[in-house]
Each structure stands twice: as structure tokens, then as C-alpha cells.
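Chain by chain, the residues run as shown.
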Amino acid sequence: DPIRNPDVLPTGKNMHALDPQSIPTAAAVDCAAVVVERLLERLQADNDGVYPESIAFTLWGTDNIKTYGESLAQVLQLVGVRPVPDSLGRVNKLELIPLEELGRPRVD
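Report on the accompanying structure. (Residues numbered from 1 in each chain as written. Predicted model: local features only at pLDDT ≥ 70, side-chain atom pairs only at ≥ 80, totals over all residues. Heavy atoms only, no water.)

### Some points on the pairing of strand E2 (residues 91-96)
For step 1, the next point in the chain: Here strand E1 (residues 81-85) pairs with E2 via 5 bridges, running antiparallel. The residue of E2 that forms the bridge with Val81 is Leu96. (Pairing = 2+ DSSP bridges. Helix = DSSP H or I, 4+ residues; strand = E, 2+ residues; numbered from the N terminus.)

### A few points about helix H1 (residues 26-46)
The α-helix winds at 3.6 residues per turn, so residues separated by three or four positions along the chain end up facing the same way.
For step 1, the next point in the chain: With 21 residues, H1 extends 30 Å from end C-alpha to end C-alpha; this agrees with the ideal 30 Å at 1.5 Å per step.
For step 2, the next point in the chain: Ala28, Ala32, Val36, Leu40 and Gln44 are the residues of H1 that are buried. Along H1, the residues classed as buried sweep out an arc of 120° about the axis, all on the same side. Of the residues in H1, the exposed ones pointing more than 90 degrees away from the buried face are Ala27, Asp30, Arg38, Arg42 and Ala45.
For step 3, the next point in the chain: Positive backbone phi, approximately 55°, marks Asp48, located one or two places after H1. (Expected span 1.5 Å × (residues − 1). Buried < 20%, exposed > 50% of the residue type's maximum accessible area, 1.4 Å probe, protein only. Arc of directions from axis to C-beta.)

### Regarding the pattern of salt bridges
For step 1, the next point in the chain: Here the structure, examined in full by the defined rule, presents 4 salt bridges.
For step 2, the next point in the chain: With a closest N to O distance of 3.1 Å, Arg42 and Asp46 form a salt bridge. Here Arg42 pairs with Asp46, and both are found in helix H1, just 4 residues apart, close to one helical turn.
For step 3, the next point in the chain: The exposed category is assigned to Arg42, whose relative accessible area is 54%.
For step 4, the next point in the chain: The exposure class assigned to Asp46 is exposed, which follows from its relative accessible area of 55%.
For step 5, the next point in the chain: A salt bridge links Arg82 to Glu101, with the nearest nitrogen and oxygen atoms 2.3 Å apart. Pair noted here: Arg82 is in strand E1 and Glu101 is in helix H4 (residues 99-102), with a separation of 19 residues, a long-range link.
For step 6, the next point in the chain: Of the residues examined, Arg82 reaches a relative accessible area of 26% and is grouped as partly exposed.
For step 7, the next point in the chain: When salt bridges with common partners are traced through the structure, they connect Arg82, Glu95 and Glu101 into a single cluster. (Salt bridge = Lys/Arg side-chain N within 4 Å of Asp/Glu carboxyl O.)

What follows is the structure, given as C-alpha cells:
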């Protein structure tokens, strides 16, 4: 985006819609937690109270740009990990959520 980063001109190189280390944002992680909770409740209700073993996702770049990584955060929430941002908000580390805290099985 030449507006956000004028240094891309005149070559057109290094044109990015976002910094991949900046997603998922804290807000996206919070939204994803609610979505995953509701999804698992629905799947349990449809499957006699049994959690699914796996769920398939399609991750689109445009969706992650628009939602600041909410889809990615949903996948992380399902497998039971949380992104750990540094002081600048960049996500360079993931933390395994203990099963006691997660309160359910991990979903592949």
C-alpha cells in the first residue's frame, strides 16, 4: 500500500496489507474465543455431547486482513494455544493452554 508505506514506490516491492507478526490481535483472539465456544457447543449438541476430534478450516488472506487474524485465532483456540504478543504487539510466540484451564479436549 503506497499510502501506508511510500517507500514501495516506484518499484512496487514490499507492498503488504499488514505485518504478519501483528496478527492475531488481542481483539481477534477475544472474538475467536466466543466463536469457538459457540461452535463447540453446537457440535456437541449435534453429536450427543461428544467433542469433535478435528475441524477443517480454510484460511483466506483477505479475511485475516479484514478481521486482523480472527480465523487464525479460532484455529489456535481449537488446538488449545494462545498467541503471546511482545511489547510492540508482534506475535512471535505461542503458549500451550493447560488442559485444566482449557476445560475440554484439544481439537485438531
